[in-house]
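Listed below are the residues making up each chain.
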Amino acid sequence: MESSERLSALIERLRTTEHVTVTDLADETGASEMTIRRDLDQLAERGVLRRVRGGAVSLLLRGEALPFAVREHEATEAKERIAAALNGTLADGEAVILDFGTTTLTVARAIAGRRLTVVPLDLHGVNALSGAPRIRLLVPGGRTTPGALAFTGPLTEASLASLRVDTAVIGVCGLSAEHGLTAHELDEVPVKRAAIAAARRVIAVCDGTKFGRTGLGLVCPVTALDMVITDRSAPGAAVSRLHDAGVDVRLV
């Protein structure tokens, strides 16, 4: 089992088990106990767990998103394909709202060479685009959240309400035809809604794992989306239901 696969397996175990031991994890993964200790130390630095003698205690809460530093390293190849496909849907000169999240951060890096007006909704996106010579960067302001550094609150919402853009690129915590597009953090919901309301076209970007999840807060029904760009791991039945709802789904 490679390092990324092993870390993903450890995280999934920590989602359902409060306490794990080095010995048990070594048996389950086939890795040495020394390797497991290094993995646990790495996850502790990212805020996933607290190290204790002989193992670790999970800091993950059911229904909450993983820490940004962990999510940034998940499904990286899929995110890069999604970002490249999204880049191909944009015309030079467009005004784009770019939502917060790890997939949209990958999008920010992919579009850095384009001639666009971009409104990033987190400081990660701002940093990725701040040196891009042909990007006109608009920063909405507001309060930032820990880790994700997402702009939230009334200042952010008011800034978005004053704009009209061509495209809103929206990140996803959970997505299904039944439950719509959802977010884990309730503070994120009004910001995402304001971004959607400001846009002529709405594109959701996510890897296939998001189709099996539902966040706490409803952002919008899928009928509010013009397009979803995802990878080929997305469940076929879920994709078909989005098609039936009139959403253009692109698999990359």
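Residues numbered from 1 in each chain as written. Predicted model: local features only at pLDDT ≥ 70, side-chain atom pairs only at ≥ 80, totals over all residues. Heavy atoms only, no water.

1. Considering the pairing of strand β14 (residues 227–230)
Okay, so step 1: The alternating pattern of β14 places Met-227 and Ile-229 and Val-228 and Thr-230 on opposite faces, both of which are buried.
Okay, so step 2: Relative to β14, strand β12 (residues 199–205) is paired through 3 bridges, and the arrangement is parallel. Along β14, the bridge assignment pairs Ile-203 with Met-227.
Okay, so step 3: Sheet topology note: the β14/strand β15 (residues 248–251) ladder contains 4 bridges and is parallel. Bridge pairing in β15 links Ile-229 to Arg-250.
Okay, so step 4: As a crossover connection, the stretch from β14 through helix α10 (residues 236–244) into β15 is right-handed. (Buried < 20%, exposed > 50% of the residue type's maximum accessible area, 1.4 Å probe, protein only. Helix = DSSP H or I, 4+ residues; strand = E, 2+ residues; numbered from the N terminus. Pairing = 2+ DSSP bridges. Right-handed = clockwise from strand over helix to strand, strands pointing away.)

2. Quick notes on the nonpolar core
Okay, so step 1: Counting residues in hydrophobic clusters, the biggest one holds 37 residues, and the most contacted among them are Ile-97, Leu-175, Leu-181, Leu-225 and Val-228.
Okay, so step 2: Breaking this core down by element, the ones donating at least two residues are β4 (95–98), β9 (165–171), β11 (180–183), α9 (188–197), β12, β13 (217–220) and α10.
Okay, so step 3: Considering each element in turn, this core owes the most residues, 5 residues, to α9.
Okay, so step 4: Setting aside its immediate chain neighbours within four residues, Val-228 contacts Leu-175, Ala-204, Phe-211, Leu-242, Val-247, Asp-248, Val-249 and Arg-250.
Okay, so step 5: In terms of nonpolar packing, the next biggest core, distinct from the first, is built from 19 residues, Leu-98, Val-107, Leu-116 and Val-118 among them. (Core = buried A, V, L, I, M, F, W, Y, C linked by side-chain atoms within 4.5 Å. Contact = heavy atoms within 4.5 Å.)

3. Notes on helix α6 (residues 102–110)
Okay, so step 1: For α6, the tally of buried residues reaches 7 of 9 residues, placing the bulk of the element in the interior.
Okay, so step 2: Every buried residue of α6 is listed here: Thr-102, Thr-103, Thr-104, Leu-105, Thr-106, Val-107 and Ala-108.

4. Some remarks on the sheet that holds strand β5 (residues 116–120)
Okay, so step 1: One open sheet holds the 7 strands; their spatial order is β6-β5-β4-β9-β12-β14-β15, and the pairing between them is parallel. Pairing within the sheet leaves two strands with one partner each, and these edge strands are β6 (135–137) and β15. Averaged over all pairs of adjacent strands, the angle between strand axes in this sheet comes to 25°, irrespective of strand direction.
Okay, so step 2: Where β4 and β5 come together, 4 bridges link them in parallel fashion. Of the residues in β5, the one forming a bridge with Ile-97 is Val-119.
Okay, so step 3: The sheet contacts of α9 involve β4, β9 and β12, and relative to β9 the element is tilted by about 150°. (Axes fitted to C-alpha atoms, helices over the stretch in contact; angles between N-to-C directions.)

5. Some points on the pattern of salt bridges
Okay, so step 1: Using the criterion set out here, one finds 11 salt bridges in the structure.
Okay, so step 2: For Arg-13, the salt bridge goes to Glu-28, with nearest N and O atoms at 2.4 Å. In this pair, Arg-13 is assigned in helix α1 (residues 3–16) and Glu-28 in helix α2 (residues 22–29), connecting sequence segments 15 residues apart.
Okay, so step 3: By relative accessible area, Arg-13 is classed as partly exposed at 21%.
Okay, so step 4: Put simply, Asp-92 and Arg-114 hold a salt bridge, and the shortest N to O gap is 3.0 Å. In this pair, Asp-92 sits in the loop between α5 (76–89) and β4 while Arg-114 sits in the loop between α6 and β5, placing the two residues 22 residues apart along the sequence.
Okay, so step 5: Arg-114 gets classed as buried once you look at its relative accessible area, which sits at 15%. (Salt bridge = Lys/Arg side-chain N within 4 Å of Asp/Glu carboxyl O.)

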